[in-house]
Amino acid sequence: MDKQFFILALAAVLSVLLVIAAITDIKSRIISNWLNIAIAALAPLFWLANGLSFWPDMLIQVALAGVIFALFAAMFAAGMMGGGDVKLLAALALWFPWQPMMTLLLIMAILGGLVTLITVAHHKIGRKVGRPEIPYGVAISLAGLWVVGERYFNHFT
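What comes next concerns the included structure.

Conventions and cut-offs
- Residues numbered from 1 in each chain as written.
- Predicted model: local features only at pLDDT ≥ 70, side-chain atom pairs only at ≥ 80, totals over all residues.
- Heavy atoms only, no water.
- Helix = DSSP H or I, 4+ residues; strand = E, 2+ residues; numbered from the N terminus.
- Rg over C-alpha atoms; globule rule 2.2 N^0.38 Å.
- Buried < 20%, exposed > 50% of the residue type's maximum accessible area, 1.4 Å probe, protein only.
- Contact = heavy atoms within 4.5 Å.
- Lys, Arg positive; Asp, Glu negative; His and termini not counted.
- Charge placed at Lys NZ, Arg CZ, Asp CG, Glu CD.
- 1 Å grid on protein atoms, 1.4 Å probe; cavity = no way out; pocket = protein on both sides within 12 Å on 5 of 7 lines; lining within 4 Å.
- Points joined across faces, edges and corners; volume = space filled by probe spheres on them.

Here we take up the overall build of the protein chain. Across its full length, the protein chain holds six helices and zero strands. Reading the protein chain from its N terminus to its C terminus gives the helix and strand order α-α-α-α-α-α. Radius of gyration (C-alpha) of the protein chain: 16 Å, near the 15 Å computed for a compact globule of 157 residues. Considering only C-alpha atoms, the protein chain reaches an extent of 55 × 30 × 30 Å along its principal axes. Within the protein chain, the fraction of its 157 residues that count as buried is 38%. Sequence-distant contacts in the protein chain: of pairs separated by 6 or more residues, those separated by 24 or more amount to 69%. Side-chain charges of the protein chain comprise 9 positive and 6 negative groups, with the mean position of each set lying 13 Å from the other.

Structure, rendered in structure tokens:
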């Protein structure tokens with residue numbers, strides 16, 4: 001099997017998992033642990049397919065994921081994010097080097113603002129009581145899809 005085909009197949013599987021994460025977050029406001037584990041578990045195959053060396057490349061990815069997890073776990077502790085969102089971000093950090101990960105975080109923040117506005121408007125229009133639950137996994141998933149697409153479909157960069 002061609003190496004490039006295997007890399008594209010892994011990117012396609014990641015994309016499908018991100019779509020599932022977005023859909024389940026919209027429906028139930030939960031991103032399942034099995035989904036986050038699957039995304040994280042596929043990352044080492046992606047590393048190997050791309051020829052990353054154990055030192056320092058793979059360890060940098062693990063360190064990046066640890067930093068992302070720690071930063072967003074603090075946001076979870078402050079009640080600003082859900083636990084599934086934090087785990088999804090950490091799992092995605094295993095896939096992307098720091099530069100694309102920063103792009104993902106920027107796009108996620110913009111899309112998260114839009115998702116928040118739509119959710120709050122829907123909450124008010126429906127005259128629902130209590131604080132609205134924001135499906136932030138949608139913004140994370142769409143940002144992840146953007147970064148995957150940028151790498152594989154934008155041949156002008």
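So, next bit.
Here the focus is the side chain of Ser15. Following the sequence through the fold, Ser15 ends up in helix H1 (residues 3-28). For Ser15, the residues in contact, after removing those within four places along its chain, are Leu145 and Val148.

Looking now at helix H4 (residues 83-93). By the criterion of burial, H4 is predominantly enclosed, with nine of the 11 residues buried. All of the buried residues along H4 are Gly84, Asp85, Val86, Leu88, Leu89, Ala90, Ala91, Leu92 and Ala93. Those residues of H4 that are buried are in contact with H1, helix H2 (33-49), helix H3 (54-77), helix H5 (98-125) and helix H6 (136-153).

Time to look at empty space enclosed by the protein. Counting across every chain of the model gives one cavity of 30 Å³ or more. What the largest cavity holds in volume is close to 30 Å³. In terms of lining, the largest cavity is formed by Ala11, Leu14, Phe46, Trp95, Phe96, Val148, Arg151 and Tyr152. Taken together, the elements giving at least two residues each to the lining of the largest cavity come down to H1 and H6. Ranked by the residues each element gives to the lining of the largest cavity, the list is headed by H6, at three residues.

Function cannot be inferred from these measures alone, as they are strictly geometric.
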